[in-house]
Amino acid sequence: MAQLQLREAIRAAMVEEMERDESIFLMGEEVAEYNGAYKVSEGMRDRFGDRRVIDTPISENGFAGLGLGASMSGLRPIIEFMTWNFAFVAMDQIVNNAAKIRYMSGGQFSFPIVFRGPNGAAGQLAATHNTSVESLYSCFPGLKVISISNPDDAKGLLKSAIRDNDPVVFLESEYMYGMRGEVSDDADYTIPIGKARIGREGDRVTIVGHNKSYWRAMEAAEMLAADGIEAEVVDPRTIRPFDWETVIRSVKKTNRCVVVDESNPFASVASEVAFQLQSRAFDWLDAPVARITAKDTPAPYAKNLMAYYLPSAEEVYRACRDVLYLT
């Protein structure tokens, strides 16, 4: 095991996979000469050269399409978006081509491609740079959607994503690139796609949260523990396919659930989790599933408004007490 920042864990996954398989390459804005906008790809151009670590123009639609063509031809691209907010101009390539051509071609083409980069809020960047996109991309069959919360998951799941023969949307966080944690140094270390992780065990209420929201869930669990209430925290890790079995098993134990999600509330990940639990585990629920999401408005710029806009540990704590019918 090694202590790595999340950015270093992502880099380790890419480096190890590129050393293992020469068909893998990295492409995106400023990934090569500048060492990456967030220094995720630092040193990779020197290590692999300009043919495998490739700077692109500011044209997400163009280089996403180029990557798809390369993957159809037998290569395994990693496409970095400087932020997933910029990927909206590449939506057609991702949801109409990557997600659908394998199905439409009767399996003649596959897309072993990873689209990765930071997702969600990243400080005072205003409405067009703070979108959480996981609920959008998880709507489309054919895409796998991963959203990581810690360095070890970042390495293990990214290596699995790179090896996968389907297109994978891999969601990181600008806020967490500097987070440190224990990471396996095994060059063959992978984590299965579609398997949730129990971050904290408890028996009174289940809290489900991914990416940054996982840490709000953990903070709320600490607050509840001070009240003598043990919460179980589940990190889905993969939004699609979603590990319903693990979440339902937890809810059958606790009989209550709060879902934390940085998406806007309408048609969010939290909406789907709440529906599925109330459909699949209704007889075990002693209270309606509660959702804590971003507010139903474009993201503000002002720092105090941004703090109010995002899910907070205090909101999660209060929601847990509500589903427990505690004042």
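A short note on the environment of K212
With respect to the helices and strands, the residue K212 is situated in helix α8 (residues 212-226). For K212, a relative accessible area of 8% translates into the label buried. Taking the C-alpha atoms as reference points, K212 and V233, 21 residues apart in sequence, are found 13 Å from one another. Residues in contact with K212, not counting those within four places in the same chain, are N119, G120, A121, S173, Y175, M176 and E262. Of the polar contacts made by the side chain of K212, one reaches the backbone oxygen of A121; its length is 3.3 Å.

Topic: the pairing of strand β10 (residues 205-209)
For β10, a buried count of five out of five residues is recorded, marking the element as mostly surrounded by other parts of the structure. The two faces of β10 match: V205, I207 and G209 on one face and T206 and V208 on the other face are all buried. The handedness of the β10 to strand β11 (residues 231-235) crossover, carried by α8, is right-handed. As paired strands, β10 and strand β13 (residues 257-261) are joined by four bridges and run parallel to one another. Bridge pairing in β13 places I207 opposite V258.

Re the sheet that holds strand β7 (residues 168-172)
By definition, the strands of a sheet pair up through backbone hydrogen bonds, in either a parallel or an antiparallel sense. Read across the sheet, seven strands follow the order β3-β2-β4-β5-β7-β6-β12 without closing on themselves; strand pairing throughout is mixed. Only two strands of the sheet have a single partner each, and these edge strands are β3 (53-55) and β12 (238-240). Recorded for the sheet is a direction-independent mean angle of 20 degrees between the axes of neighbouring strands. By the bridge criterion, five bridges tie strand β5 (residues 114-118) to β7 in an arrangement that is parallel. Residue pairing for β7: R116 is matched across the bridge by F170.

Reading the values: rules and limits
Numbering of residues begins from 1 in every chain and follows the order in which that chain's sequence is written. With pLDDT at 70 or above as the cut-off, local features in this predicted model cover only qualifying residues; side-chain atom pairs require 80 or more to be listed or tallied, and sums for whole chains, interfaces and linings still use all residues. Hydrogens are left out, water is left out, and the side-chain values use all remaining heavy atoms of the structure. Strands are runs of DSSP state E lasting at least 2 residues, helices are runs of H or I lasting at least 4, and numbering of each runs from the N terminus. Throughout, exposure labels follow a simple rule: accessible area from a 1.4 Å probe, protein chains only, divided by the maximum for the residue type, with under 20% read as buried, over 50% as exposed, and the rest as partly exposed. Note on contacts: a residue pair is in contact if any heavy atoms of the two residues lie within 4.5 Å. Two N or O atoms count as a polar contact when they lie within 3.5 Å, although within protein this holds only if one can serve as hydrogen donor and the other as acceptor, and sequence-adjacent residues are included solely when both atoms are side-chain atoms. Think of it like this: strands point away, you trace from the first strand over the helix to the second, and a clockwise trace means the crossover is right-handed. For two strands to count as paired, DSSP must find a minimum of two bridges between them. Here the axes come from fitting lines to C-alpha atoms, over the contacting stretch only for helices, and the angles between their N-to-C directions go from 0 to 180 degrees.

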